[in-house]
Amino acid sequence: MHEDNRPDPDWLLAEHWGSGADSARPAHGRLALFLGMCPGVGKTYAMLKAARQRSREGLSVLAGLVETHGRADTASLLDGLEVLPRVSRSHRGHTVEEFDLDAALRRRPDLILVDELAHTNVPGSRHAKRWQDVQELLAAGIDVLTTLNVQHIESQVDTVRQITGVTITETVPDSILDQADEIQLIDLSVPRLLERLAEGKVYRGERSAQAMEGFFKEANLTALRELALRFTVEQVDRDLEEIRRRRRVSSPWKTSARLMVGVGPSPYAESLLRWTRRAAARLGCPWLVVWVESPRALTEEDQERLAGTLGLARRLGAEVISVAAESISAALLRTARERNVTQLVVGKPDRFRWWRASLADQLIRDSGDIDICVVRPVISGPASTAPTARSGEERLPESLVAEYSTALAAGFVLVSLAGGAAEWLGYMAVGLVFLLGVILASLRLRRGPVLLLASLLALSWDFFFIAPRFTFHISRVHDVIMFVMFFIVAFSMGHLTTRLRQREKAERQRQRHTAALLRVTQSAALSADPAKGQAEALRTISELLDAGTALVVRRQDHTLPEAAHPASTFMPTPKEWGVIHWVYQNRRPAGRFTGTLPESAATWFPLQTAATLTGVFGVQLEGTARMDFGMRQAIEAFALQLALVLEKEHFLQAVRHAEMLTRSQRLQRTLLDSVSHELKTPLAVIQAALEGLTDADNPWLNEIRTASQRLRRVVNNLLEMTRIESAAVQPRREWCLVGDLVQQALGMTDDSLSGREVAADVPSGLPAVRTDAGILCQALANLLHNAAIYTPPGTRVEISAAVRDSKPIAALPASSPQRPAVAEADTSAEAVEGRDAPAEDAPTIHQGTLELRIADHGPGIPKADLERVFEKFHRLPGSPTGGTGLGLPIAQALVQALGGVITAGNRPGGGAVFTLLLPVDLLPA
């Protein structure tokens, strides 16, 4: 297979393991998103039209939540579609209708409509955001149609704020959009949108005028429209790149521009970066920077220049890619084809070399469909940074001097030995011996010394052994060929040896870095004691880098400690702590050898992973030592490993804490259960004994009777809470009348409510409801008892009932009882499906919400305690003695077991009010 057409190994692995993972997962729903630049462009209208088309195709379509905003043309598209009833939730004294996720999951349609993906749910909902509801629907295998405005995309928030001056708080992560199977842009011209706004088709009345003066300015809308178009183009471009990878297309498809520039340790590289950045800005396209790491070792100056170049590329907004290869041109072209690059930028060569093609020539020759932009760069920085000839004061490395000395010595020895044996070997054998010496020397020496040895031996062979001797004249052709062969073999072997040595050095360096990372990971991650593991990791890094190291690990409250890790080999000064806090807050390296706070004595790196920031890691080099490019890469790799280890420890601590809480709660439930049962038997004996005593006027007996009743209530509450937390509460729904439920709850609290006026407002025409009468009566009794405790005698306690949002769902079969007196009848929708057809005059089952309100005229609930009244064992300040703080938590748990919600608030005229909202089946009278 040709090198350029080979598929990317990383992509092949991802495709293999990804497909395997997908096959093991259950079917996942498909997400289709209708994207617009702002409200009013027609996203909901387009979503409803698509839903009606799917319905005509035979799919089960459910309108889970659709916001029509009073637009008649949009509301008309709901005709014929099944609409999911919304669930009512109370928030700050107001009732808010929200998407009913549980009902949607029970209904399980083929396709569901969920409008306004960025919406924030009412506190107390299962998920904080609506896009999380959509994720659960998709995980259940339900296809979803949804809508979104571009300003709510997380990555676009800063740009939108710059354009409009408005800070968007409701956002959707870009990862959700990446999961979308289809993104459809709903576009509308700005003049047409402003016309719709003026006609009142977007907002009504004064709100329309305010919108035109604020967010809906023409300049804002034009910029948002361009933002939506660009985002859609990027998504299409990403899909196109995936298609090219699957089809293994090597040549680019020039559907949009994408620039790429190759850089290296050259003083011209920064000029190329800036030119490419300007070109990408003019074209409005993304751009990439590629650094090809060859086996050739870099000097300290080259490494420092390369680090600065790549840092500039990141600051300019480029995507930086590093690849390892021997051929720079082949690596650049392979990367360009993989990333669908349309234009590759390269610098113009500064001089012509007839024996070797320049990088620009190689790219132009092999680029195929990729355009090559040859740019005349300029030297960045002062002229002294340009490459110059080696000055006379610079000395060759000692190893290279030793190799040249070895070449001279080997030449002298070979010539001396050949001089003594030339009489019986002949000059041709001497030439072969010299050539063998050159080949053997190339296995140990570099290209320069080998060329020196070859030149010395060739000239010596010509001068001392080829006739006429002691002259440089060669008369025979085969002697000339032999003479030239010396140089060809020497150059070839020397060049090959140099490349092999460079490759060996590069591989040895990679192996050393890999081994170092393995040692750090093993010492830190596999240690039983985290503190000892971190200390061992710091010691290992210090030895490998020959530098001081310091580790600052954040505390549990996400703040930095006042001292570094005890195993740190240097302790930060007060000035260094300022740098540490800056790195922790900004999540970027700072200190020595960086562009931020370079006067620091150490270089500090954030310990961050994709999810968390766990601390700061510092390295302090001794004396005049410099941090080259390779060392910086190694330190960043060490920092990442330390961050991963610290993150793992954080997760382990969280798991241990959760397990400890679970054991504690289990022990608490067991203890409460045991104590409650032990108290119940003697209480029953005491109450039976009290009933046998006939002296009703004895005040001591009355005190004992009251105390025993209170103790019995406490024990019953403890037992009820234990039963609820052990998931033993399973509702058994049956038909019952709301008035009977209220009277039964009042009968359970006669003693508590004595001396107080009770007003029950239960309309006689309320339909029968299908619920668990015992659970609901117990919840009402707890609330009535709570009202009795916190209201003085003579005050009024009110209880009312009403039915909201009643909608028909099915007809009651003729063979089923039509009155709630027969509680054993199962008239659920599932049971109705399997029975006889209903009679023409049979009643219809409805679905709706039963609302029960209990209000008193007591002191009310302090505002600070409104969110805590349903916590276990929580009691309001000034509460009467004798309570346990379990009545309201039990009531809430019982209502939730029935699928409802309970909220607490205060009456405008004083007193507390509790509201129960229960989704129930209804049977009209």
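These notes cover the structure that comes with them. (Residues numbered from 1 in each chain as written. Predicted model: local features only at pLDDT ≥ 70, side-chain atom pairs only at ≥ 80, totals over all residues. Heavy atoms only, no water.)

1. Some words on the side chain of threonine 146
This is how it is decided: The helix and strand labels rest on DSSP assignments: H or I over at least four residues marks a helix, E over at least two residues marks a strand, and numbering proceeds from the N terminus. In what follows, residue pairs with any heavy atoms lying within 4.5 Å of each other are defined as contacts.
Checked against the element boundaries, threonine 146 lands in strand E7 (residues 143–149). The contacts of threonine 146, once residues within four sequence positions are left out, are Leu31, Ala32, Leu33, Phe34, Met47, Val114, Asp115 and Leu117.

2. Here we look at the sheet that holds strand E6 (residues 111–114)
Here is the rule we go by: For two strands to be treated as a pair, DSSP must find at least two bridges joining them.
Taken together, the six strands give an open sheet; going across it, the order is E3-E2-E6-E7-E1-E8, and neighbouring strands pair in parallel fashion. Unpaired on one side and paired on the other, strand E3 (82–83) and strand E8 (182–185) mark the two borders of the sheet. Relative to E3, strand E2 (residues 61–65) runs parallel, the two sharing two bridges. Within E3, the residue paired with alanine 63 across the bridge is valine 83.

3. Points about the packing of helix H13 (residues 328–338) against helix H14 (residues 359–366)
Inclusion rule: To get an axis, fit a line to the C-alpha atoms, keeping to the stretch in contact for a helix; angles then go from 0 to 180 degrees between the N-to-C directions. These descriptions rest on fixed angle ranges, namely under 35 degrees for roughly parallel, over 145 for roughly antiparallel, 65 to 115 for roughly perpendicular, and the rest for oblique. Rotating anticlockwise by less than a right angle from the far helix to the near helix defines a left-handed crossing, while the corresponding clockwise rotation defines a right-handed one. In this count, Pro and Cys sit with the nonpolar residues alongside Ala, Val, Leu, Ile, Met, Phe, Trp and Tyr, while Asp, Glu, Lys and Arg are called charged and the others, Gly among them, polar.
Axis separation between H13 and H14 bottoms out at 9 Å; the angle between their running directions is 45 degrees. Taken together, H13 and H14 sit at an angle that is classed as oblique. Helix-helix and strand crossings are classified by hand; for H13 and H14 the assignment is right-handed. Contact residues: H13 offers Ile328, Ser329, Leu332, Leu333 and Arg337, while H14 offers Leu359, Gln362, Leu363 and Asp366. A class-by-class count of the residues in the contact of H13 with H14 yields five nonpolar, two polar and two charged.

4. Thoughts on helix H23 (residues 738–748)
Quick reminder of the rule: Note on exposure labels: buried denotes an accessible area under 20% of the residue type's maximum, exposed denotes more than 50%, and partly exposed covers the range between, all computed with a 1.4 Å probe on protein chains only. The arc in question is the one spanned by the directions pointing from the helix axis to the C-beta atoms.
Where H23 is concerned, the buried positions are Val738, Leu741, Val742, Ala745 and Leu746. One side of H23 carries all its buried residues, which in axial view fall inside an arc of 130 degrees.

5. A few points about the sheet that holds strand E17 (residues 613–620)
Strand order in this open sheet of four strands is E14-E17-E16-E15, and the pairing throughout is antiparallel. The open sheet has two free edges, formed respectively by strand E14 (548–553) and strand E15 (590–591), since each of these has just one partner strand. With six bridges connecting them, E14 and E17 associate as antiparallel partners. Its bridge partner being in E17, valine 552 is matched across the sheet by valine 616. Relative to E14, helix H19 (residues 530–545) is tilted by about 150 degrees, and along the sheet it contacts E14 and E17. Docked against the sheet, helix H20 (residues 574–586) engages E14, E15, strand E16 (603–608) and E17, running at close to 35 degrees with respect to E16.

6. Regarding the environment of isoleucine 541
As for its placement among the helices and strands, isoleucine 541 is situated in helix H19. Judged by its relative accessible area of 0%, isoleucine 541 is buried. Taking the C-alpha atoms as reference points, isoleucine 541 and arginine 519, separated by 22 residues in sequence, lie 9.0 Å from one another. Setting aside residues no more than four positions away along its own chain, isoleucine 541 makes contact with Val520, Thr549, Phe617, Phe638 and Leu642.

7. Notes on the nonpolar core
Rules: We define the nonpolar core as a collection of buried residues of types Ala, Val, Leu, Ile, Met, Phe, Trp, Tyr and Cys that are connected through side-chain atoms lying within 4.5 Å of one another.
Grouped together as the largest cluster of nonpolar side chains are 63 residues, with contacts concentrated most on Phe99, Ile112, Leu137 and Leu193. Once residues within four sequence positions are removed from consideration, leucine 193 is found in contact with Met37, Cys38, Pro39, Gly40, Val41, Leu188, Val202, Phe216 and Leu221. Ranked by size, the runner-up nonpolar core spans 43 residues in total, among them Leu746, Leu783, Val869 and Ala912.

8. Concerning the packing of aromatic side chains
Heads up, the rule is: A pair of aromatic rings is counted whenever rings of Phe, Tyr or Trp (Trp by its six-membered ring) have centres within 6.5 Å, and the orientation is called stacked for planes under 30 degrees apart, edge-to-face for over 60 and tilted otherwise.
As enumerated under the stated definition, the model contains eight aromatic pairs in all. Seen in terms of ring centroids, phenylalanine 463 and phenylalanine 472 are 5.0 Å apart; in terms of plane orientation they differ by 40 degrees. Their pairing is tilted. Overall, the relative accessible area of 52% leaves phenylalanine 472 in the exposed class. Between phenylalanine 570 and tryptophan 604, the aromatic rings sit 5.9 Å apart at their centres with planes inclined by 55 degrees, giving tilted as the arrangement. Within this pair, whereas phenylalanine 570 is found in the loop between E14 and H20, its partner tryptophan 604 is found in strand E16, the two being separated by 34 residues in sequence. Owing to a relative accessible area of 0%, tryptophan 604 belongs among the buried residues under this scheme.

9. Some points on the pattern of salt bridges
Threshold: Basic side-chain nitrogens of Lys or Arg form a salt bridge, by our definition, when they fall within 4 Å of a carboxyl oxygen of Asp or Glu.
In the structure shown here, the tally under the stated rule is 16 salt bridges. A salt bridge links arginine 339 to glutamate 319; the shortest N-O distance between them is 3.0 Å. Here the residue arginine 339 occupies a position in the loop between H13 and strand E12 (343–347), and glutamate 319 occupies one in strand E11 (residues 319–324), the gap between them amounting to 20 residues. Between arginine 796 and glutamate 798 there is a salt bridge, and its shortest N-O distance comes to 3.1 Å. A single salt-bridge network, built from bridges that share partners, covers Glu757, Arg796, Glu798 and Arg907.

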